[in-house]
Amino acid sequence: MGYRGKFKIWRGNAANGALRDYEVDVNEGEVVLDVIHRIQATDSPDLAVRWNCKAGKCGSCSAEINGKPRLMCMTRMNTFDPEAEITVTPMRAFPVIRDLVTDVSFNYQKALQVPAFEGPKDAKPGEYRMQQVDVSRSQEFRKCIECFLCQDTCHVVRDHEENKEVFSGPRFLMRIAELDMHPLDVIDRKHQAQEDHGLGYCNITKCCTEVCPEHIKITDNALIPMKERVVDVKYDPVRWLGSTIRRRSS
């Protein structure tokens, strides 16, 4: 059973913009992205929106729906009251290019700062060996589709633009945790996580976990364990005493 839905969609560019009202047909079984496409087809062909797979796997159609970071292709219209007005705006943490499209290059810059996996130097091709139990936790993090909703909702960058230089955000701290937990990765990433990527800025509010469309437990399984590893190395009194003795001996 279809109905006429009321929408407010942000239109504009980096210089200026505003919410524009739309009233459009909504059909049974549709998602927000379907409605955005109908608006493009019937009312505003110049409406800019980024999308690709429409299956919740490419991470392209990230936006904020009624103020919450979500994928438009995974937000079903039957979850809203037909009488309610739905607001669709671009991700707030990143600069607007036009309409619902944002400049997410910040994330790719941070990705370049994370050193790639580095295996044992003496291992020959085909000699990498591990058990499934060794990678079960870190394997969860490989489900990430890089929609950057966790980056958008993280208040450390969402509300404080100045933090972007020193804080990489939950997506890339999760990547560091994934590599640090890998049984064959030889790089010690704990110091890097704390000093170069701002792990200490995270205060584990779990907002990143709440918006993850892949239901990755970012906070519980990546960020908190990484914090524990950093604390274990940096603040454990026995480790501190041992490193002090070694320095004095040398």
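For the structure, check the block above.
Note that the coordinates shown come from a computational prediction; the quantities given were computed from them, not determined experimentally.

## Brief notes about the side chain of Asp185
Phase 1 of the analysis: The residue Asp185 is located in the loop between α6 (170–181) and α7 (190–196) in this model.
Phase 2 of the analysis: There is a polar contact of 3.3 Å between the side chain of Asp185 and the backbone nitrogen of Ile187.

## A closer look at unusual backbone geometry
Phase 1 of the analysis: Positive phi is not limited to glycine here, since Asn66 has a value of about 55°.
Phase 2 of the analysis: With respect to the helices and strands, the residue Asn66 is situated in the loop between β3 (62–65) and β4 (68–71).
Phase 3 of the analysis: Residue class for Asn66 comes out partly exposed when judged on its relative accessible area of 41%.
Phase 4 of the analysis: The phi torsion at Asp99 lies on the positive side, around 50°, for a residue other than glycine.
Phase 5 of the analysis: Among the structural elements, Asp99 can be located in the loop between β6 (96–98) and β7 (101–102).

## Concerning the nonpolar core
Phase 1 of the analysis: Phe7, Ile9, Met72 and Val88 are the most contacted members of the largest nonpolar core, which totals 59 residues.
Phase 2 of the analysis: Of all the elements, α6 adds the most residues to this core, at seven residues.
Phase 3 of the analysis: Beyond its immediate chain neighbours, meaning those up to four positions away, Phe7 contacts Arg20, Asp21, Tyr22, Val24, Val26, Val35, Met77, Ile86 and Val88.

## With respect to the packing of aromatic side chains
Phase 1 of the analysis: Under the definition given, this model contains five aromatic pairs.
Phase 2 of the analysis: Judged by centre distance (6.4 Å) and plane angle (35°), the ring pair of Phe94 and Phe106 falls under tilted. Pair noted here: Phe94 is in the loop between β5 (85–89) and β6 and Phe106 is in helix α2 (residues 105–112), with a separation of twelve residues, a long-range link. The same class applies to Phe94 and to Phe106, which are both buried.
Phase 3 of the analysis: Ring plane angle 75° and centroid distance 6.0 Å describe the contact between Phe117 and Tyr128, whose orientation is recorded as edge-to-face.

## Considerations on the layout of surface pockets
The probe, sized like a water molecule, is rolled over the atoms to show the empty space still left.
Phase 1 of the analysis: If you add up the space inside the largest pocket, you get close to 240 Å³.
Phase 2 of the analysis: Arg70, Met74, Val211, Cys212 and Pro213 are, among the 15 residues lining the largest pocket, the residues nearest its centre.
Phase 3 of the analysis: Across the lining of the largest pocket, the residue classes break down as seven nonpolar, three polar and five charged.
Phase 4 of the analysis: In this model, the second largest pocket occupies a volume close to 160 Å³.

## A look at the environment of Asn203
Phase 1 of the analysis: Position of Asn203 relative to the elements: it lies in the loop between α7 and α8 (207–211).
Phase 2 of the analysis: Relative accessible area serves as the criterion here: at 44%, Asn203 is assigned to the partly exposed category.
Phase 3 of the analysis: The spacing of Asn203 and Thr42 is 161 residues in sequence and 45 Å in space, taken between C-alpha atoms.
Phase 4 of the analysis: A polar contact of 3.4 Å, which involves the side chain of Asn203, links it to the side chain of His155.

## Comments concerning the sheet that holds β5
Phase 1 of the analysis: Strand order in this open sheet of five strands is β2-β1-β5-β3-β4, and the pairing throughout is mixed. On the outer flanks of this sheet lie β2 (17–26) and β4, each paired with one strand and no other. Ignoring strand direction, the axes of neighbouring strands in this sheet form an average angle of 35°.
Phase 2 of the analysis: Alignment of strand β1 (residues 3–12) against β5, held across four bridges, turns out to be parallel. Residue pairing across strands places Lys6 opposite Glu85, the latter belonging to β5.
Phase 3 of the analysis: Contacts between helix α1 (residues 32–42) and the sheet are confined to β1, β2, β3 and β5, with β2 contributing the most and set at about 100° to the helix.

What counts, and at which threshold
Residues numbered from 1 in each chain as written. Predicted model: local features only at pLDDT ≥ 70, side-chain atom pairs only at ≥ 80, totals over all residues. Heavy atoms only, no water. Helix = DSSP H or I, 4+ residues; strand = E, 2+ residues; numbered from the N terminus. Polar contact = N/O pair within 3.5 Å; in protein donor to acceptor, adjacent residues only side chain to side chain. Buried < 20%, exposed > 50% of the residue type's maximum accessible area, 1.4 Å probe, protein only. Core = buried A, V, L, I, M, F, W, Y, C linked by side-chain atoms within 4.5 Å. Contact = heavy atoms within 4.5 Å. Phe/Tyr/Trp six-rings, centres within 6.5 Å; stacked < 30°, edge-to-face > 60°. 1 Å grid on protein atoms, 1.4 Å probe; cavity = no way out; pocket = protein on both sides within 12 Å on 5 of 7 lines; lining within 4 Å. Points joined across faces, edges and corners; volume = space filled by probe spheres on them. Nonpolar A, V, L, I, M, F, W, Y, C, P; charged D, E, K, R; others polar. Pairing = 2+ DSSP bridges. Axes fitted to C-alpha atoms, helices over the stretch in contact; angles between N-to-C directions.

Fair warning: the whole summary comes from geometry, so function is off the table for now.
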